[in-house]
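One letter stands for each residue in the lines below.
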Amino acid sequence: MKTPWIMSDTLSSWTYPGMEGKPVVVEVYAPGDETELLLNGKSLGKNETGKNTDYMTTFETIYEPGRLEAVTYQYGEELGRSCVMTAEPDTKLHLEVETGIEKELIFIHISNRDRNGTIHTQKETALTCQIEGDADVWFGSGTPKPENSYLDHVTRTWNGKALLVLRKRKKDSVNISVGSETEKVEVVV
């Protein structure tokens, strides 16, 4: 059934260890009138996109690690491009405090990133957080089947990511530590 509210279960990733040489369908959402897909610099062809295709097209290919890039054209002129890279197996926890929010909530994005900054979407990591300071904390990920409450100080990354939401009770600084079995990352907000 096709409605404006139905989308496929897709992930903006090109990291699928163990799937080398297997068929894959790549979905591209794009304006313009056509989109070209390139895998490691080699063109996989061009497909119609834009309004006539509900701004989505698919390409069937064989999974090969590296760089997957979609280039969108309008009347033959490049309109835009998007790229995803295969993440290296070795990752580190990365914490990013959402800036520009001086209101009540502070959002800290947590991800498993390789040395190039690519999120390893297939790596699931058990995380704990510790807070020093007067604050309320909610900690979790987007998993549809969480094992813990958002009020617990434990979670697992899902698609390589997790989120910590903090509300200070006072204007004092709060020290936050997020760790896995192998590492710990700290920030002060």
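So, how was this worked out
Residues numbered from 1 in each chain as written. Predicted model: local features only at pLDDT ≥ 70, side-chain atom pairs only at ≥ 80, totals over all residues. Heavy atoms only, no water. Helix = DSSP H or I, 4+ residues; strand = E, 2+ residues; numbered from the N terminus. Buried < 20%, exposed > 50% of the residue type's maximum accessible area, 1.4 Å probe, protein only. Contact = heavy atoms within 4.5 Å. Lys, Arg positive; Asp, Glu negative; His and termini not counted. Charge placed at Lys NZ, Arg CZ, Asp CG, Glu CD. Pairing = 2+ DSSP bridges. Axes fitted to C-alpha atoms, helices over the stretch in contact; angles between N-to-C directions.

Undergrad: An account of the overall build of the protein is needed here, citing residue identities and associated values.
TA: If you tally the helices and strands in the protein, you get zero helices and 14 strands. Listing every helix and strand of the protein by position from the N terminus yields β-β-β-β-β-β-β-β-β-β-β-β-β-β. Each principal axis of the C-alpha distribution contributes one length, and for the protein these read about 55 × 35 × 35 Å. Per-residue burial for the protein yields a buried fraction of 34% across its 189 residues. The long-range share in the protein, meaning contacts at least 24 apart out of those at least 6 apart in sequence, stands at 59%. If the 21 positive side-chain charges of the protein are averaged to one point and the 30 negative ones to another, these points end up 3 Å apart.

Undergrad: I'd like to hear about unusual backbone geometry, residue by residue, with values.
TA: Even without being a glycine, D54 presents a positive backbone phi close to 55°. Here D54 falls in the partly exposed class, since its relative accessible area comes to 49%. Located in the positive-phi region is N159, a residue other than glycine, with phi close to 55°. In this fold, N159 is placed in the loop between strand 11 (154-156) and strand 12 (161-168). Taking the relative accessible area as the measure of exposure, N159 reaches 24% and is therefore partly exposed.

Undergrad: An account of the sheet that holds strand 2 (residues 34-39) is needed here, citing residue identities and associated values.
TA: An order of 3-2-5-6 is seen for the four strands of this open sheet, with the pairing classed as antiparallel. Single-partner strands in this sheet number two, and they are strand 3 (42-48) and strand 6 (77-85). Averaged over all adjacent pairs, the angle separating strand axes in this sheet is 20°, with direction ignored.

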